[in-house]
Amino acid sequence: MTAEALGPREETAPAQSAAPRPIPVQHRDDRGLPVVGQVFEYAKDPVALCRSRWERYGPVAPFRALGKSAVMLLGADACGEAFQNKDKALANGPAWSELVGPFFNRGLMLIDFEEHHGHRRIMQQAFTRPRLEAYTRHLHPAIEQGVSGWEPGKEFPSYRKLKQLTLDIAADLFMGGAEDTSQAEMDRINKAFIACVQAAAGIVRADIPFTRWGRAYRGRKVLEDFLRHYLPAKRAEQTDDIFSVLCHVETEDGERFSDDDVVNHMIFLMMAAHDTSTITTSTILQYLGQHPEWQQRCREESLALGPEPSMTELEGLVSIDLVMREALRLRAPVPVLVRYAVKDTVIQGVRIPAGTDLIVGVQFTHMMEDYWTDPAAFDPARFGPDRREDKSHRFAWEPFGGGVHKCIGLYFGGLEVKAIMHRLLRDYHWTLDPAYVPPMDYHSLPFPKDGLPITLLENRASSPASTG
């Protein structure tokens, strides 16, 4: 069925009396390569691939990858139906298990329905406002120590440095510092996380040496051994770090996590916390380097505060918040989400049979002219109170997903990104060629293959007196 037959860019819900349509048949000329299907097209440019599906098939489009047929959900209405999941037909676990299941096994994103609800109820106790305020107080010394080795005036790969920084922050806030852990061991942990994330792009999905999945299996063991080493101490004494909190939190009904639960959730949370924050912060660095007027606007807000602002003060950094939202729109840390139909359902008038894999095109929605003015442009003001383009549709902007599986750490992640940028803006300034476009790798989570090289220059106004 052609896009014209479906009425492209028309996403109004079909009348209840209309009989569901079948999934469109994929044309022979766009099924991609044998076996791998359209995997390489996605890795090259996921938005371009989604746009081609949208224009040809509409909001529910066929897709092939690794010898399997799937469905792409495109546009805010289709994505919204998946997130709301009103008939509980779509599950996370079977879908993500196909990509990274053995390596983030039993993480919050990989469990569903009543079990997910129970685990989330417990974990929510680790992200209450008083605990977020405590985490914020620990952020600043960790950031100061992490950036202390950066050399002003010398070009460096900012993405890679930020990834190390956010992992060090995660070790401090999540682990309570892990005092007996050497830098070499933290480098090993970082490599283990990278291996587990990159398993999503594996073609050979088995524990075979020298493959992505083989490296990920070994990475998972490194992470488990690392966390289980500290587990007895965390159980014995309650401290402010998230590892200890997960060991001790319980609901009013007395529900608590087992040791296995704590380890599984820690592996997933540490991955999510440092990978997504790295992507967002590096994107902000890029765009502020290309838009000095916004960089200065953000800097002036940060200079009006002390070097270690409170959670409330970080929340009040209006310009940085606008820039962060725009960075999340332009480069969503997780461009697509996946679901699996555990029973028959209907999305946008199309019947989705049980057993269907679904790909929810979050990043594509962020780039649609239906919801955004000049969507390819960096324009943080679109999130301002006089425009609020993100309100053009309830699901126009969903970098953290939606529904019951919406990211539980989104507020913590925002505070971390703002705290890092606050420190960098107060101490440094930087510029980037406005024409620079980072060469992105989309095989798993997006990252710049060149490391996003940047030169930080010290602000002349930065001095012991001015920085407090």
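Only a predicted model underlies this, so the values are computations on that prediction, with no experimental measurement involved.

Draft legend 1. Molecular detail of the overall build of the chain. Helix and strand content of the chain: 17 helices and 13 strands. Its C-alpha atoms give the chain a radius of gyration of 22 Å, within 12% of the compact-globule value 23 Å for 468 residues. Overall, the chain is about 70 × 50 × 45 Å in size when its C-alpha atoms are taken along their principal axes. Looking at the chain as a whole, 55% of its 468 residues qualify as buried. A separation of at least 24 residues holds for 73% of the contacts in the chain among residues at least 6 apart in sequence. By element, 53% of the accessible surface of the chain is carried by carbon and sulfur atoms, the whole surface being about 20300 Å². When the 53 positive and 63 negative side-chain charges of the chain are each reduced to one mean point, those points stand 4 Å apart.

Draft legend 2. Focus on the sheet that holds strand S2 (residues 68-73). A sheet is described by the order of its strands in space; here 5 strands give the open sequence S1-S2-S8-S5-S3, paired in mixed fashion. Bordering the open sheet on either side are strand S1 (60-65) and strand S3 (90-91), each of which pairs with just one other strand.

Draft legend 3. Quick peek at the UniProt feature "binding site: heme" (unreviewed entry) in the chain. Here, UniProt's "binding site: heme" (unreviewed entry) annotation points to Cys-407. Structurally, Cys-407 can be placed in the loop between helix H16 (362-366) and helix H17 (410-427).

Draft legend 4. How the structure looks around the packing of aromatic side chains. What the rule picks out here adds up to 15 aromatic pairs. The interplanar angle of 40° and the centroid separation of 6.1 Å between the aromatic rings of Phe-83 and Phe-395 together place this pair among those described as tilted. Here Phe-83, found in helix H4 (residues 76-84), pairs with Phe-395, found in the loop between H16 and H17; they are 312 residues apart in sequence, far enough to count as distant. The class of Phe-83 is buried, set by a relative accessible area of 4%. When the ring of Phe-104 is compared with that of Phe-268, the centres are 6.4 Å apart and the planes differ by 80°; the resulting orientation is edge-to-face. Linking Phe-104 in the loop between helix H5 (93-100) and helix H6 (113-123) with Phe-268 in helix H12 (residues 259-290), this pair joins segments that are 164 residues apart in sequence. Accessibility assignment for this pair places Phe-104 and Phe-268 in one class, buried. Cluster of aromatic residues (ring-pair linked, three or more members): Trp-372, Phe-383, Trp-397 and Phe-400. In this structure, Arg-329 packs its charged tip against the face of Trp-372, placed 5.3 Å from the ring centre.

Draft legend 5. Spatial organisation of helix H7 (residues 129-147). With 19 residues, H7 ought to run about 27 Å at 1.5 Å a step, and its terminal C-alpha atoms sit 27 Å apart, in line with that. Along H7, the residues that are buried comprise Leu-132, Ala-134, Tyr-135, Thr-136, Leu-139, His-140, Ala-142, Ile-143 and Val-147. Contacts from the buried residues of H7 go to helix H8 (158-175), helix H11 (242-248), helix H14 (311-315), H17 and strand S9 (428-429).

Draft legend 6. Looking closely at the pattern of salt bridges. The full count for this structure, using the stated rule, is 31 salt bridges. Of the charged contacts in the structure, one is a salt bridge between Asp-253 and Arg-121, with a shortest N-O distance of 3.3 Å. Remark: Arg-121 occurs in helix H6 and Asp-253 occurs in the loop between H11 and H12; sequence separation between them is 132 residues. Judged by its relative accessible area of 61%, Asp-253 is exposed. A salt bridge links Glu-315 to Arg-129; the shortest N-O distance between them is 2.9 Å. Of this pair, Glu-315 sits in helix H14 while Arg-129 sits in helix H7; the two residues are 186 residues apart in sequence, bridging distant segments of the chain. The network of salt bridges with shared partners includes Glu-326, Arg-329, Asp-379, Arg-382, Arg-387 and Glu-389.

Draft legend 7. Just the packing of helix H9 (residues 183-198) against H12, in detail. The interhelical angle for the contact between H9 and H12, taken along N-to-C directions, is 90°, at an axis separation of 11 Å. Taken as axis vectors, H9 and H12 run roughly perpendicular relative to one another. Here Asn-190, Phe-193 and Val-197 of H9 come into contact with H12, specifically with Ile-267, Met-270, Met-271, His-274 and Asp-275. A per-class count over the contact of H9 with H12 returns 5 nonpolar, 2 polar and 1 charged.

Draft legend 8. Broad picture of the pairing of S2. Two strands pair when backbone bridges link them, and S1 and S2 are joined in this way by 6 bridges, in the antiparallel orientation. Paired with Ala-65 across the two strands is Lys-68, which belongs to S2. Remark: 2 residues form the turn of the hairpin made by S1 and S2, two consecutive strands paired antiparallel; Leu-66 in that turn has positive phi of roughly 50°. Both S2 and strand S8 (residues 357-360) contribute to a ladder of 4 bridges, which runs parallel. Bridge pairing in S8 places Ala-70 opposite Asp-357.

Draft legend 9. Fine view of the nonpolar core. With 141 residues, the main nonpolar core has Phe-104, Phe-174 and Met-266 as its most contacted residues. A total of 15 residues in this core trace back to one element, the largest contributor, which is H12. Dropping the residues within four chain positions of it, Phe-104 is found in contact with Leu-110, Cys-196, Val-197, Arg-220, Ile-267, Phe-268 and Met-271.

Draft legend 10. Summary view of the side chain of Ser-319. Mapped onto the fold, Ser-319 is located in helix H15 (residues 318-330). Leaving out residues up to four positions away in the same chain, Ser-319 has contacts with Trp-294, Arg-297, Cys-298 and Glu-301.

Draft legend 11. Spotlight on the environment of Tyr-159. Topologically, Tyr-159 is positioned in helix H8. The exposure class assigned to Tyr-159 is buried, which follows from its relative accessible area of 8%. Along the primary structure Tyr-159 and Met-270 are separated by 111 residues, whereas in three dimensions their C-alpha atoms are 17 Å apart. Not counting residues up to four positions away in its chain, the partners in contact with Tyr-159 are Asp-275, Thr-278, Ile-279, Ser-282, Phe-447, Pro-448, Gly-451 and Leu-452.

Draft legend 12. Structural context of the environment of Ala-233. Residue placement: Ala-233 occurs in helix H10 (residues 212-236). When its relative accessible area of 51% is taken as the criterion, Ala-233 is described as exposed. Sequence separation of Ala-233 and Met-186 is 47 residues, and the distance between their C-alpha atoms is 19 Å.

Rules and cut-offs
Residues numbered from 1 in each chain as written. Predicted model: local features only at pLDDT ≥ 70, side-chain atom pairs only at ≥ 80, totals over all residues. Heavy atoms only, no water. Helix = DSSP H or I, 4+ residues; strand = E, 2+ residues; numbered from the N terminus. Rg over C-alpha atoms; globule rule 2.2 N^0.38 Å. Buried < 20%, exposed > 50% of the residue type's maximum accessible area, 1.4 Å probe, protein only. Contact = heavy atoms within 4.5 Å. Areas by Shrake-Rupley, 256 points an atom, 1.4 Å probe, with all protein chains shown as cover. Lys, Arg positive; Asp, Glu negative; His and termini not counted. Charge placed at Lys NZ, Arg CZ, Asp CG, Glu CD. Pairing = 2+ DSSP bridges. UniProt positions renumbered as here; feature names shortened; annotations may be inferred. Phe/Tyr/Trp six-rings, centres within 6.5 Å; stacked < 30°, edge-to-face > 60°. Lys NZ or Arg CZ within 6 Å of the ring centre and 35° of its normal. Expected span 1.5 Å × (residues − 1). Salt bridge = Lys/Arg side-chain N within 4 Å of Asp/Glu carboxyl O. Axes fitted to C-alpha atoms, helices over the stretch in contact; angles between N-to-C directions. Parallel < 35°, antiparallel > 145°, perpendicular 65-115°, else oblique. Nonpolar A, V, L, I, M, F, W, Y, C, P; charged D, E, K, R; others polar. Core = buried A, V, L, I, M, F, W, Y, C linked by side-chain atoms within 4.5 Å.

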